[in-house]
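Summary of the model geometry
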Amino acid sequence: SAYNNSTGDLTSQILQALDKADPISSAEAFPQVTFEAIKAALDRLASRSMVTYEQVEREEALLEPEAEEIVAHGSHEARVFEAVRKALDGLTLQDLETTIGDKTVTKLGQGKAFKEKWIKKDGTKLVALLKKRKLLKMQKVISFRISKGPKFALQLVKEETDLTAELIVSGAWKTATFRIAHTVPEPYNFNALGADQRAGALHPLNKVRQEFRQIFFEMGFTEMPTNQFVESGFWNFDALFVPQQHPARDLQDTFYVSDPPKADRPKPVSAEDKQDYDEYFQNVRQVHQDGKYGSIGYRYPWSEDESLRLVLRTHTTAISAAMLHKLAGQRTKDGRVPPARYFSIDRVFRNETVDATHLCEFHQVEGVIADYGLTLGGLMEFMEIFFGAMGVTDLRFKPAYNPYTEPSMEIFSYHKGLNKLIEIGNSGIFRPEMLEAMGLPKDMVVYGFGLSLERPTMIKYGISNIRELLGHQVDLNFVQKNPAVRLDKN
Ligand code: PHE
């Protein structure tokens, strides 16, 4: 064949042929080209409206193997006649078979020859006769009737194989013709989302955490180092003026670590930390046991051993306490403790009965603001701005109790889906018993607030069971399929 399988060559052959005659038949114009090749070339031209085509099916008679032999050697009867003619005196059937060398040919041939009736038939009758004698069979042949399309031209315009950055930047993609690699022509889909990349994916908790971090940074907070899950009872409870008999310190609520058996006394963790930790430790003992800073205290024998027991931290407020104690050791040029804003978002542990909304571990979002002249109204306003940045509005505040804050407020928000007010956070103004023991000035006021990261994440991702969000039952597909960034703020 003069044509190879390159549709490039074939397309221009088709265009040339159409230029001379319109329509053309693929079977007549390109008898040697395979069905697949001609179809591919036609699809390519049709996708640009350069041709139109329709499929034509017709029946074609095909010689059976027996007929092929007849074409090569003559009919059976002719061969029998010839053998008999050559023998002159005639042949026995046995001899005839030996002479012809084929049993079937001999049998069919002599039958025909004896019949002697040589008749001329017309085409259709001949085909029917030959089919009956199993010399012909019919076969379906598919070809195309090809006509010029509305955009017929002799030349194919340049086709782009890839959508490149250059095409996008120049805007040329709007008019460019793209090469179609499929047998079914489809235009480039510029609205397609692209193939799934099966790349790593961030857990929803990480994404919401990132949103909170961004809000904190924008509001001038610095992140606290929370990279230790084990704390002493001192930082987790005593520093926060939580009495040693408080139910939160019970085994039912707190996980205790047995090995090592106890913590060191609090001490500086860096060289810059010039705070007197021994003095602080004694201040905490005194404020619990005897009262100090104008407080009568709890009046119980405070146990150092109890305060040095190791716990899995039950809240990140343990870190806030250590940070505020360090802050108390800092001074500005005018000798004042500088205002500060700290936040953290990390894991905490509680000995909870596991159910649809509780796990033994969760993530706490925590913030503290230390400044002068702060008021309770200022805390409420701050919470409105903070939650407003997450799309949570119309807050309600409810008086609450924490051993380390006074006053304390639980924060509620109306949940449209659940059609009720739900608790979204806890907050308050830290007590002087806590702050003055650290050495913070009397006129410094410190706000504190905390919330779980899981609660807003569950609301935003429509999850009703916390076990679908955290732990071994999490569906990895759920993590993979969620968009990398949430653009809605609800
Ligand atoms: N520690 C509190 C909790 O776990 C949150 C909180 C932090 C409340 C700081 C007041 C001040 O819920």
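Residues numbered from 1 in each chain as written. Predicted model: local features only at pLDDT ≥ 70, side-chain atom pairs only at ≥ 80, totals over all residues.

So the rule is basically this: UniProt positions are given in the numbering used here, feature names are shortened, and annotations may be inferred rather than shown by experiment.
In the nomenclature of an unreviewed UniProt entry, the chain corresponds to Phenylalanine--tRNA ligase alpha subunit from the organism Chaetomium thermophilum. Under the UniProt heading Sequence similarities (unreviewed entry), the entry covering the chain gives this text: "Belongs to the class-II aminoacyl-tRNA synthetase family. Phe-tRNA synthetase alpha subunit type 2 subfamily." Regarding the chain, the relevant UniProt record gives this comment under Cofactor (unreviewed entry): "Mg(2+)".

1. Brief notes about the environment of E54
Put simply, the rule reads: Only DSSP runs of H or I reaching four residues or more are called helices, and only runs of E reaching two or more are called strands; each is numbered from the N terminus. To sort residues by exposure, count the other C-beta atoms lying within 10 Å of each residue's C-beta; 20 or more gives buried, 12 or fewer gives exposed, and values between give partly exposed, all with C-beta atoms placed from the backbone.
With respect to the secondary-structure elements, E54 resides in strand β2 (residues 51-63). For E54, a count of 9 C-beta atoms within 10 Å puts it in the exposed group. Sequence spacing of E54 and I146 is 92 residues, and the spatial spacing of their C-alpha atoms is 6.7 Å.

2. Considering the site of the ligand
Stated precisely, the cut-off is as follows: Only the C-beta atom, placed from the backbone, is used; a residue is near a molecule or strand if that atom lies within 6 Å of it. Ten residue types, Ala, Val, Leu, Ile, Met, Phe, Trp, Tyr, Cys and Pro, are classed as nonpolar, four, Asp, Glu, Lys and Arg, as charged, and the remainder, Gly among them, as polar.
Around the ligand, the surrounding shell consists of H315, T317, E366, N402, T405, N426, S427, G428, G448, F449 and G450. Counting only elements with at least two residues in the shell around the ligand, the list comes to β14 (420-430) and β15 (444-452). Residue classes in the shell around the ligand are distributed as one nonpolar, nine polar and one charged.

3. Structural notes on unusual backbone geometry
Across the junction of D22 and P23, the peptide omega takes the value 5 degrees, indicating a cis bond. With respect to the element layout, P23 can be found in the loop between α1 (7-20) and β1 (24-25). Here the amide bond leading from E406 into P407 is cis, since omega sits at -5 degrees, within 30 degrees of zero. Here P407 shows up in strand β13 (residues 405-415). Residues other than glycine seldom take positive phi values, yet K134 does so here, at roughly 55 degrees.

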